[in-house]
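Architecture at a glance
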Amino acid sequence: MKLVFAGTPEVALPSLDALIASRHEVAAVVTRPDAPAGRGRKLVASPVAQRAEEAGIEVLRPTKPSDPEFLARLAEIAPDCCPVVAYGALLPKSALDVPAHGWVNLHFSLLPAWRGAAPVQHAVLAGDEVTGASTFLIERGLDSGPVYGTVTEEVRPADTSGDLLGRLSVSGARLLVATMDGVEDGSLEARPQPADGITLAPKISVEDARIDWAAPALRVDRVVRGCAPAPGAWTVFRGERLKVASVRPVVGLAELAPGEVAVHKNTVRVGTGSYEVELGEVQPQGKKRMSAGDWARGARVEAGERLG
């Protein structure tokens, strides 16, 4: 099939690479416009745009997918199907109607669970033991279209959202290629999603990433892992924000009040609503990430001081 691939961030690259290597033709990619990045705030092309340009593939950067110029060029290319991975913009009906086989999205959850912008983060936050990826035909609703196929992935105890998304981006790429193959030869039929089991996964805000030390240790651990690498879990110490990159629950040890910090020779522990957690790496405001021990020594944390 002739494909137009839509995607923007790095997580979409395994799928783009797999489609380029497949029997299908990637005629063009659609991606978000160049955006300011770095200290100089210079305009930088998206990872998908950069990869497509390296491969000599046409790059379309509409401000909105409803732009007449973009729709005209899409119709001119006349793709058979448009695979999508983390494009980042809502597609109007005028765009959805162009390809004969529609737009097929790779979504990083087992639909209808975790519909929305942050499925992997919510799976970690919820303590799911298994998640996965799904390919589905895009409709007007939020991730509600009929599903072509799924792949499952175990959520490991120490997984961050970044770890899990990295594995899903690779297994999901294989699923997306297989879906394109099945759409082409007619062996795949999209099945409606079940009405039961729908959960929503809205974008995680910075405020959502604030640690509540009165919560149980397992919840604190999930917030830290679920918000890594972005937006990053955080707390407050002496009136300034302190990012918390990793913690380790210390099962059975509960000598500290919620948020109370205890500095030992080789460890820094914090009390929660259940047992304590050991801080791994932290990042004080305006500084680089460092071990909790180095932070505590530099800040001269005193007995009885609290986070939160």
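Notes on the structure in this doc start here. (Residues numbered from 1 in each chain as written. Predicted model: local features only at pLDDT ≥ 70, side-chain atom pairs only at ≥ 80, totals over all residues. Heavy atoms only, no water.)

Points about helix H1 (residues 13–20)
Restricting attention to buried positions, one finds in H1 the residues Leu13, Ser15, Leu16 and Leu19. Buried residues of H1, viewed axially, fall in a sector of 160°; they line one side. (Buried < 20%, exposed > 50% of the residue type's maximum accessible area, 1.4 Å probe, protein only. Helix = DSSP H or I, 4+ residues; strand = E, 2+ residues; numbered from the N terminus. Arc of directions from axis to C-beta.)

A word on the sheet that holds strand S15 (residues 277–279)
Here we have four strands laid out as an open sheet, ordered S12-S15-S14-S13, and antiparallel in their pairing. Strands at the two margins of the open sheet, each flanked by one partner only, are strand S12 (247–249) and strand S13 (261–263). On average, each strand axis in the sheet is tilted by 30° relative to the strand beside it, whichever way the strands run. Here helix H8 (residues 292–299) sits on the sheet in contact with S13, strand S14 (268–270) and S15, set at roughly 90° to S14. (Pairing = 2+ DSSP bridges. Axes fitted to C-alpha atoms, helices over the stretch in contact; angles between N-to-C directions. Contact = heavy atoms within 4.5 Å.)

Remarks on the pattern of salt bridges
Evaluation of the coordinates by the stated rule reveals 17 salt bridges. When the shortest N-O distance is used, the salt bridge between Arg51 and Glu54 registers 3.6 Å. Of the two residues, Arg51 and Glu54 are both situated in helix H2 (residues 47–54); the distance of three residues between them amounts to about one turn of the helix. Under the relative-accessibility criterion, Arg51 is labelled partly exposed at 26%. Judged by relative accessible area, which is 63%, Glu54 ranks as exposed. (Salt bridge = Lys/Arg side-chain N within 4 Å of Asp/Glu carboxyl O.)

Quick notes on helix H3 (residues 68–77)
Residues three or four positions apart in an α-helix share a direction because the helix packs 3.6 residues into each turn. Among all positions in H3, only Phe70, Leu71, Leu74 and Ile77 are buried. Relative to the axis of H3, the buried residues are bounded by an arc of 125° and lie together on one face. Away from its buried face, by an angle of more than 90 degrees, H3 presents the exposed residues Pro68, Glu69 and Glu76. Where the residues of H3 are buried, they touch strand S1 (2–7), strand S2 (25–30), strand S5 (58–60), strand S6 (82–85), helix H4 (93–96) and strand S7 (103–107). Positive backbone phi, approximately 55°, marks Ala78, located one or two places after H3.

With respect to the pairing of S1
With five of six residues buried, S1 is to be regarded as a mostly interior element. Two strands pair when backbone bridges link them, and S1 and S2 are joined in this way by five bridges, in the parallel orientation. Within S2, the position partnered with Val4 by the bridge is Ala28. Taken together, the two bridges between S1 and S6 define a ladder with parallel strand orientation. The partner of Ala6 across the bridge, within S6, is Val84.

A closer look at a nonpolar patch on the surface
There is a patch of nonpolar side chains on the surface, built from Leu142, Ile198 and Leu200 and spanning about 290 Å² of accessible area. Mapped onto the secondary structure, Ile198 falls in the loop between helix H6 (161–185) and helix H7 (217–226). (Patch = residues over 30% accessible without salt bridge, like charges linked within 9 Å, V, L, I, M, F, W, Y side chains within 5 Å. Areas by Shrake-Rupley, 256 points an atom, 1.4 Å probe, with all protein chains shown as cover.)

Some details on the packing of aromatic side chains
One pass over the structure, following the stated rule, counts one aromatic pair. Aromatic pair Phe237 and Trp295: ring centres 5.1 Å apart, planes at 75°, arrangement edge-to-face. Residue Phe237 is found in strand S10 (residues 234–237), and its partner Trp295 is found in helix H8; the two are separated by 58 residues along the sequence. In this structure, Phe237 and Trp295 share a single accessibility class: buried. (Phe/Tyr/Trp six-rings, centres within 6.5 Å; stacked < 30°, edge-to-face > 60°.)

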